[in-house]
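# Notes for the structure review
Now for the letters of each chain:
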Amino acid sequence: MIEKKLTDKRLERLVDQIARTYRGDSGINFIDAANLPVRGQILEVLDLLFEVLFPGHTGTKAVSQSNVKYVVGDLLSQIYAGLVDQVKRAYQYQCRIRKCADCNCEKMSRKVTLELLGELPRIRELLKGDVCAAYDGDPAARSYEEIVISYPCIIAIGVHRIAHELHVRQVPLIPRIMSECAHAKTGIDIHPGAVIGKNFFIDHGTGVVIGETTIIGDNVKIYQGTTLGAMSFRRDQRGRIIKGGKRHPTIEDDVTIYAEATILGDVTIGKGAIIGGNTWIKESVPPGVTVSSPNPDLIYRKHKKVTAGRP
Amino acid sequence: MIEKKLTDKRLERLVDQIARTYRGDSGINFIDAANLPVRGQILEVLDLLFEVLFPGHTGTKAVSQSNVKYVVGDLLSQIYAGLVDQVKRAYQYQCRIRKCADCNCEKMSRKVTLELLGELPRIRELLKGDVCAAYDGDPAARSYEEIVISYPCIIAIGVHRIAHELHVRQVPLIPRIMSECAHAKTGIDIHPGAVIGKNFFIDHGTGVVIGETTIIGDNVKIYQGTTLGAMSFRRDQRGRIIKGGKRHPTIEDDVTIYAEATILGDVTIGKGAIIGGNTWIKESVPPGVTVSSPNPDLIYRKHKKVTAGRP
Amino acid sequence: MIEKKLTDKRLERLVDQIARTYRGDSGINFIDAANLPVRGQILEVLDLLFEVLFPGHTGTKAVSQSNVKYVVGDLLSQIYAGLVDQVKRAYQYQCRIRKCADCNCEKMSRKVTLELLGELPRIRELLKGDVCAAYDGDPAARSYEEIVISYPCIIAIGVHRIAHELHVRQVPLIPRIMSECAHAKTGIDIHPGAVIGKNFFIDHGTGVVIGETTIIGDNVKIYQGTTLGAMSFRRDQRGRIIKGGKRHPTIEDDVTIYAEATILGDVTIGKGAIIGGNTWIKESVPPGVTVSSPNPDLIYRKHKKVTAGRP
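Here the structure is a predicted model, which is why all the values come from computation and not from measurement. (Residues numbered from 1 in each chain as written. Chains lettered and ligands numbered in written order. Predicted model: local features only at pLDDT ≥ 70, side-chain atom pairs only at ≥ 80, totals over all residues. Heavy atoms only, no water.)

## Details of the relation of the copies chain C and chain B
Relating the two copies of this chain is a rotation about some axis coupled with a shift parallel to it. Between chain C and chain B, which share one sequence, the superposing operator has a rotation angle of 120° and an axial displacement of 0.0 Å; the RMSD is 0.0 Å. The transformation relating the two chain copies, once decomposed into turn and shift, fits a three-fold axis. Both copies present different contact surfaces, since only 4% of the interface residues of chain C are interface residues in chain B too. (Least-squares fit on C-alpha atoms with pLDDT ≥ 70 in both. Contact = heavy atoms within 4.5 Å.)

This is the structure in structure tokens:
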């Protein structure tokens, strides 16, 4: 006879087997370490923040000059409550790791959240520049609205500008969770540590990687598949990778980087340089220079029976 | 003492700071421009359209010959209501931009939505060919059902075939929102303007970019990371990019393009041509020709102490 | 006068047109083939499985030593019920295709689901190694928790290790649906057939493709955009691709593969080898060797008027 449901005994055995693996200091056990930040709630906070940054753009709220303060006030209250809770969870996690007492986690969370909210007008100004850069840089762009509503770069850059503010204030966990939410939605992987100037445009975007210590100036445009990465890692005497340290490129103002270019290491791409598609750059490039690969050799081979089977 | 919640005064100040940035003609203000299309509702319409295109494939509805007309009738009614609403929002937005009166937005929305519904039988026929092309082209494909339920190319191509019908009817905003929904789900970025023939297969798909003025014939197969892009943009006297104009490749019938190939500009890849992986093509390719990169030089360097530490 | 809703007559005509296309043996008709696996419910089962594999990591459940058995017992019961249902749907679909009677689908579903649950302790052990590999391999990684909560490779590898168990037990449809869920979230496309050893790390990940018959040893690290793919397909006398057959690479222990490398065909990358970025490999590589492309030629062209317009 087939068992119709998991019998008590079998369930108990399975539970025992699994619970046994939860003991010990295994590095992936979160037992007794509850109340980590919740990815789903961070996503919700990001959605609310985007509603403040681009009021009305989701089409779900009718925002007018007469009701705008109520709408924004309501949004900010929700963001504040939600983000304080998540940031506090992140700080408390850090306290548990460092085995210190609760280091004013609640107070610090309120402080840092207020600071982020205070940065929103500046972030809006930056995003305005990013939207204009997309409009100016993409012949297929029909309107600012199209860009704000549908372009993945706006999600990626918008989330980055928020996450970066928390990163510089050394909030644990949350910035990276935010940036990986944007990565999942867009295929654009920007580490929250990257410093990015005004009027930044990423076209298409899938496969773009921008590493932790990258510095990007103003008016920079990059295309899909571009990597701004590290070349090699410093290791300690025991062969372990050393964390931190500037290891990603610096991209000066007015640089354009075409599709699938890979720029590795702590090199500088000088002001106004143009990096051709599919190039592999491991050295600095002076300002005002175009770098490209030579036209690649291509081998043409005529098929023996081209359309033989197709009259 | 720590404030327990956002005080009225502090909230008011933050709201003021942000609301101030909403004034003026900043390009990212949607104040008083309510009722834009709603991305979430467009996603719902797409889900319903897929239920009509592949009845029963989601496993959530038991469709049989006896109930099929009721199921389809119900789905079409929902799609009609939902899409008319979204298309109307898009037309009304356009009227606001062009500062014209409401140009029969409601009537046009009904007309265009009906036309799309009328195209569904033809789109189904096309998608049938696309599913067959995936089955024939992928040794790992086990069944048509596996392809319909799980392959990302079916989402990308299915959404494209819908979005393209709205694009050619010049519906603003909606086609691009649809295609970016598919891009987000699949990593495949097909501009709704691209013209795509029968039996189209994209394997794996992540990183594929197909630009606005691309034309693709029948029986074309492309692999992950392929770009069909523009090479350079025409600019007006003030240096601004000129919108529109054919600037992407034409791919004729029976062409195969292997992984990571990049084809740029208004070039023609002739009937039956095979484009090797990782090639960079900026000129037209005659029919019946295989183009490949020469076997690249590779440098082999033996490690000094290969497995020294590992007995 | 404009019609305010879809009239009965017009709706009927549309329904007729579409329903007509549902008849016949078209390959994309699921009429009378109800009860396919439901992607949404498979996603839910995966979420529950991740809650077992990393208890507490979502932050939504407070798991402690005192309640852990209740939490895990509850989760396993839900997983068991949900997965038996989905696997049964997949087996029943297979019976319909093969036109055999119901081949003990229910019994087989219970058996295979129990076997998967029995593998969970081992899968947890493997994932522990994968998290450690990510921590050791990425200078930007701050903690195990950051990796578990936010790194896309954990989703991709975790889902793979589950889907692979169902694949080797020849469950139809479900493994591929699972792997495409992970692909959609991460841009990492691992076929459930791939065999993957211990301590596997994928950095960034977008664009990675790992084919069906790939074999990967222990301590392997790969970067974004890497393809482990097939080079050409065997065809039968009628020119149709032959399904199955080893056609993807074997990667031995301790190999590192840098970004955008492409390794094609049934070749072997020997133990400890290092494959440089952007290489294109179609032959086996001996153990203990670094393979790289020569530093590519780059053409530098100075702009005529570099920053002329920018005082």
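Back to the write-up after that little detour.
## Examining the interface of chain C and chain B
In this complex, chain C contributes 72 residues to the contact, which on the side of chain B involves 72 residues. For the pairing of chain C and chain B, the buried interface totals around 6,300 Å² over both sides, and the portion due to carbon and sulfur atoms is 61%. One can count two salt bridges joining chain C with chain B. Note that Glu212 of chain C is salt-bridged to Arg142 of chain B, the shortest N-O span being 2.2 Å. (Buried area = accessible area lost by both parts, 1.4 Å probe. Salt bridge = Lys/Arg side-chain N within 4 Å of Asp/Glu carboxyl O.)

## Brief notes about the sheet that holds strand β5 (residues 215-216) of chain B
All names here are of chain B. The four strands are arranged β2-β5-β8-β11 in an open sheet whose pairing can be described as parallel. The two strands at the open ends of the sheet, each matched to only one other strand, are β2 (195-196) and β11 (268-269). The pairing of β5 with strand β8 (residues 250-251) spans two bridges and is parallel. Bridge pairing in β8 links Ile215 to Thr250. (Pairing = 2+ DSSP bridges. Helix = DSSP H or I, 4+ residues; strand = E, 2+ residues; numbered from the N terminus.)

## Points about the relation of the copies chain A and chain B
Least-squares fitting of chain A to chain B yields an RMSD of 0.0 Å, with the transformation described by 0.0 Å of translation along the axis and a rotation of 120°. Different-surface contact between copies: only 4% of interface residues of chain A are shared with the interface of chain B.

## Here we look at the interface of chain A and chain B
The interface is formed by 72 residues belonging to chain A together with 72 residues belonging to chain B. Contact between chain A and chain B buries roughly 6,300 Å² in total, counting both sides, with carbon and sulfur atoms accounting for 62%. On the chain A side of the interface with chain B, the three residues burying the most area are Arg124, Pro139 and Ile149 of chain A, jointly 11% of the side's total. Across the chain A-chain B interface, the total number found is two salt bridges. The residue Lys69 of chain A makes a salt bridge to Asp16 of chain B at a minimum N-O spacing of 2.6 Å. For the side of chain A that touches chain B, the secondary-structure elements that each account for two or more residues are α2 (39-53), α3 (68-98), α4 (105-137), α5 (144-150), α7 (174-186), β6 (221-223) and β15 (299-302) of chain A.

## As for the environment of Val112 of chain C
Residue and element names in this part refer to chain C. Inspection of the secondary structure puts Val112 in helix α4 (residues 105-137). For the pair Val112 and His183, spaced 71 residues apart in sequence, the C-alpha separation works out to 24 Å. Excluding residues that lie within four positions of it along the chain, Val112 makes contacts with Val87, Tyr91, Leu166, Arg169 and Val171.

Taken by themselves, the reported measurements are silent on function.
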